[in-house]
Amino acid sequence: MPLPYRGRGSRLASSRGASTSVHSPRRAGRGAPSSSHALRLTRRRHSSEQVPPGPEPQADFRSGKWLQEHAGGDARDSQQTARAGMGSRHRICSQEEVVIPCDSDNDSGSVDLQLSNLEDIKKDPSSLELTDSDIFDITGLSQESFIYSYRHLTQQGPDNEANVERLIQSIQEVFNGELQSEFEKLTFLRSLSSLSQTLPYDETTESFIHSHITDIVHVLNMLIEEEPLHSLFSSVRQEVFITIANLSYQDIHLLFGSEDRADLFSLITKSIIALPSVETLIQLQEIMPSGSYNTEQMDPWLQSTKDHERERATASMAQVLKCLSRHLSLKLPLRFQRLGHFVALMALLCGDSVTEVAEEAAEGMHCLLHVTLRLKCTIYDKKNHPNLRRAMKKCQELLELYSIKQFYSCPFKIAQIFEAFLNSNELFQFVMTTLDGLENLKHPCTQKSAGELLITMVKNAESRFEKVPEIMGVICARLSIISQPRVRRQIINTVSLFISRPKYTDIVIGHLLCHPVPYDRHLAELWRTLEVELPSTTWILWRLLRKLQKCHNEPTHEKMAYVAVAATDALYEVFVGNRLQAATFRLFPQLLMTLLIQIHHSIGLTMSDVAVPSGLYTEQEMSSEVTPLCFAIQATKSLLLRTLCWQEFNIMEKNKGWTLLEGKECHLQGVSLLANALLERNHLLAHKVMYLLVPLLNRGNDKHKLTSAGFFVELLQSPVARRLPSIYSIVRLKDWLHHGNRVFKFLALRGLRYLIKHQDMREDIRSLLPCILDLLCETDEKIVLLAIQILLQLVGTMDFTTLTAMMKTLFTLFGDVRSDVHRLSMTLFGASIKSVKYTEKKGVENQVLDSLVPLLLYSQDENDAVAEESRQVLTICAQFLKWKLPQEVYCKDPWYISPSEAGTVCKFFGKKCQGKVNLLAQTLMFSKNAKLPIRRAAVLFVGLLLKYVDCSELRTKGTDWIENDLKALLHDPEPSLCIIASQALFRVQKVGAEPDPRQSIAG
């Protein structure tokens, strides 16, 4: 374990100006000279009687006063100097020494406390042209021999066999018993150290120690556990360190090689520096249980919130890195698993608010750069050699611009340097550690450093990250526990950087969409405050939109994809934040239509109809008030407002357009209302939507197609529609006329009604007449009405055959219970009569005569519009027949209250139609009409008409068929009808009872 003896002077200055000695026992080898005061002190102690020394002053690390020892001089003077230094609690450092139980060049273990079992293996000089001189030139380290002169382990004179046996026996007794007092503990440790000196020449000692390594480690563990924390320089603890070091000089390593030795190492580390809270590590383990976030040996202290713990840990790590930078030799393969984590950790410490911590970290960072360069030179093959050259050149340029102190005090520059040397896995470690630093380091300047490191690394690394989903997972989890605005801003900026890179856009969006909706305030803030450069805004919004659009291709009978709901909510948050305003305007047509389609898909659904990923919600979190439809409506409203479509929004609100959009039966009405509002108030946007829809009308499922078609046909009102090729307009509408879905037929007719006003398109529409005529028989009122409206535009261009066929069909619609169908069918009938050519009038005369009674009776309809239209068409028929109707025909009062006027009308038609139309038979048919006014008018007309018919013919045929119909009406619940029916029946019976005038003359 490295024991730092450091002064309060400049760390960077001392690392260069002062001669620093680090003892590597294995390098020294047995018998090599040593200048270590600590080693001389140890040898002197164990060459004398094994009597515990008097109590020594202890240095309290929390006070920041550390033990100082000067190199050189005899052991006794050095001890006195050390005691004086500790007693005065003053730090003076002109020369620093550290005793490190270090591994040899040939062992597979490592002294690296952070870098995960780095193998000390020799680099093959032929693998690359890069040499150590290149690295020294870059890092600013002087190229020296790095050969330490160790004092020769002179033998004090061979111990006799009895002395060796006595030492072994005393040690053996400890294995079989217990150590109670401090004296017994110190005796055991010094005996073990003394015995270690006989290893080079005594086989008995070697055999004993090697066979009792486990026992030795066990006893040392117990000794350390019994020592109190914060007491680094207790006699027993110091003696343990000295014993471990002495054994390491003889190739007996107690801190690595097995699990129990690693435990001892961990325990020693903990005994030096107290562990801080490990809440951060626990949180990461909860978020990513499979991640490698086990507590490392030095991590908790390097990341401690306590300044004195962080300072001591950083100083120790700086010494370890210095040792590595001087003694590291490499050969493949290498095991260096936590480089990215360690670089980030040290970089964060370089920005620490405690000056001493920052300076120690800067010194360690400089050594780490040297180590990293040598590692990468070994790992990179020749194919990647140019990349390494470029990275090293960049490194050299930066170091030439700034002093070492300036360079390592700037996290931005540190990230720039190390980014070039880290692979994808190391970059991931770097980012995860930096994210940890954003919240867990308490000082604002450190948090700022973490943010700068994170942003710089993400910017510079570009597309070399491979674990972006994991990074996003940590970021989203951290947002809820980070309260400082600056830190939150830095994290959101990191997400913005990732999402703006095309390689990661879909990955980041996909991860953000896998959270419960509605988004909590943290994720909502993220969506609303994305900071993206202008060129990337459209790409990001487009990729988010595509997530939603892909869901609309799924069959409608299946559950709605959760991504559709999440993407809709995300769009709403983006619109509210308005950070992607330019992209919102640019993608307005796609956004509007996609959201309208989403509304159609969401009608009538609850969250139970959505394929929610397992475990995303608990039952308590699922609110019945939250529905897919509410998200879609919100997003659509915010889109209109953010694109300045305020008037369109107002039109929708005033006409209950949002309610229409939400209705299953009236959704297309809401779509039509919005389309017309857009066409009226913002025709440029409307035209963009129209051109967008042209290639999209036949894509997606039925709901997708219906919403698109509903919006499209309304835009055909625009004059721009005439520029569309017929294949995208009339041909498409023709296909919809034959569609099995009546809604498509309705939309097709609606579109044709808009296009027919363009003269150059009428000929193409005229070719659709047979299909349109067939639609007159549809049960859907809207379809029939639209068909009639289109036929009214084309009636003047019809040939005689088509015209007469249409008139027959229209005649069947007279009296239709659908009042608008009834009225418009009469209108079209009248227009048809007007369109008949003079030479073809004879062919339709009978149809006109047959229409007189129905038109006359429907002039008495309770619906004023129908009654008025009947009178108008009746006039057209009279003009066709060259009749002049009496003025009484146009009287709006019911016949039963104006019998004289009714008599005049009956007299006119009785005379005009005599021999042409069976008026009685026609009129009597209407006595069974469902409408009371029509039945009443028909019965009254029958009674009055008897005066003007040929009675002899009537007697010949008989009156029973008339009487039977009238008798049935005598029991009608309507009194007026009963009275009129009885009067008519009386007249019929009277006609039947009168003798034939011809028979009287003959008699």
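Here is what the cut-offs are and how they apply
Residues numbered from 1 in each chain as written. Predicted model: local features only at pLDDT ≥ 70, side-chain atom pairs only at ≥ 80, totals over all residues. Heavy atoms only, no water. Phe/Tyr/Trp six-rings, centres within 6.5 Å; stacked < 30°, edge-to-face > 60°. Helix = DSSP H or I, 4+ residues; strand = E, 2+ residues; numbered from the N terminus. Buried < 20%, exposed > 50% of the residue type's maximum accessible area, 1.4 Å probe, protein only. Patch = residues over 30% accessible without salt bridge, like charges linked within 9 Å, V, L, I, M, F, W, Y side chains within 5 Å. Areas by Shrake-Rupley, 256 points an atom, 1.4 Å probe, with all protein chains shown as cover. Salt bridge = Lys/Arg side-chain N within 4 Å of Asp/Glu carboxyl O. Core = buried A, V, L, I, M, F, W, Y, C linked by side-chain atoms within 4.5 Å. Arc of directions from axis to C-beta. Contact = heavy atoms within 4.5 Å. Expected span 1.5 Å × (residues − 1). Polar contact = N/O pair within 3.5 Å; in protein donor to acceptor, adjacent residues only side chain to side chain. pLDDT = per-residue confidence, 0-100.

K.L.:
So what exactly am I meant to see when it comes to the packing of aromatic side chains here?
P.N.:
Geometry of an aromatic ring pair is reported as the spacing of the ring centres plus the angle between the planes. Per the counting criterion, the structure on display carries 14 aromatic pairs. Between F465 and F498, the aromatic rings sit 5.2 Å apart at their centres with planes inclined by 75°, giving edge-to-face as the arrangement. In this pair, F465 sits in the loop between α21 (444-461) and α22 (468-479) while F498 sits in helix α23 (residues 485-500), placing the two residues 33 residues apart along the sequence. The exposure classification of F465 matches that of F498, with both residues buried.

K.L.:
When you look at a nonpolar patch on the surface in this model, what are you seeing that I'm missing?
P.N.:
A cluster of nonpolar side chains, L641, L644 and W646, forms an exposed patch at the surface whose accessible area comes to about 320 Å². You can see W646 is positioned in helix α31 (residues 646-654).

K.L.:
Would you take a moment to explain the pattern of salt bridges for this structure?
P.N.:
Note that side chains of opposite charge can pair when their charged atoms are close. For the structure on display, the rule yields 20 salt bridges. Put simply, R310 and D307 hold a salt bridge, and the shortest N to O gap is 2.9 Å. On the criterion of helical spacing, the pair formed by R310 and D307 is a turn pair, its members being three residues apart in helix α14 (residues 307-327). The exposure class assigned to D307 is partly exposed, which follows from its relative accessible area of 28%. Ionic pairing is found between E714 and R750, a salt bridge with its closest N-O pair at 2.3 Å. With E714 in helix α35 (residues 702-715) and R750 in helix α37 (residues 742-755), the pair connects residues that are 36 residues apart, well separated along the chain. Note on accessibility: E714 and R750 belong to one class, buried. Within the structure, one salt-bridge network assembled from shared partners comprises D307, R310 and D352.

K.L.:
Looking at this structure, I do not really get the nonpolar core. What am I missing?
P.N.:
Nonpolar side chains tend toward joint burial in soluble globular proteins. One finds F465, F711 and F909 to be the most contacted residues of the largest nonpolar core, which totals 247 residues. Ranked by size, the runner-up nonpolar core spans 34 residues in total, among them L179, V217, V219 and L254.

K.L.:
So what exactly am I meant to see when it comes to helix α24 (residues 502-512) here?
P.N.:
Side chains of residues three or four places apart in an α-helix project in the same direction, reflecting 3.6 residues per turn. Every buried residue belonging to α24 is among Y504, T505, V508, I509 and L512, and all of these are buried. In a view along the axis of α24, the buried residues occupy a sector of 135°, so they form one face of it. Considering only its buried residues, α24 is in contact with α22, α23, α25 (521-528) and α26 (534-551).

K.L.:
Looking at this structure, how should I read α35?
P.N.:
With 14 residues, α35 should cover 20 Å at 1.5 Å per step; its first-to-last C-alpha distance of 20 Å lies within 8% of that length. Buried within α35 are the following residues: H704, L706, T707, S708, A709, G710, F711, F712, V713, E714 and L715. For α35, the side-chain oxygen to backbone nitrogen distance between the N-cap and K703 is 3.3 Å, and the N-cap itself is N701.

K.L.:
Sorry if this is basic, but what is going on with the side chain of K745 here?
P.N.:
By the secondary structure assignment, K745 is in helix α37. Given a relative accessible area of 15%, K745 falls into the buried group. Setting aside residues no more than four positions away along its own chain, K745 makes contact with W736, L737, H739, L775, E778 and I783.

K.L.:
Explanation requested: the confidence of the model for the chain in the structure shown.
P.N.:
The predicted structure's coordinates, where accompanied by low pLDDT, should not be read in detail. Of the residues in the chain, 73% have a pLDDT of 70 or more, and the chain-wide mean is 75. A low-confidence stretch, residues 1-132 stays under pLDDT 50, and its non-local contacts, those more than four residues away or across chains, total 350 contacts. Scored below 50 in pLDDT, residues 274-282 makes 16 contacts in the model with residues more than four places away or belonging to other chains.

K.L.:
Would you mind going over the environment of L368 with me for this structure?
P.N.:
The residue L368 is located in helix α16 (residues 355-379) in this model. What makes L368 buried here is its relative accessible area of 0%. Separated by 46 residues in sequence, L368 and K322 place their C-alpha atoms 8.0 Å apart. Aside from chain neighbours lying at most four places away, what touches L368 is L321, L339, F342, V343, M346 and F418.

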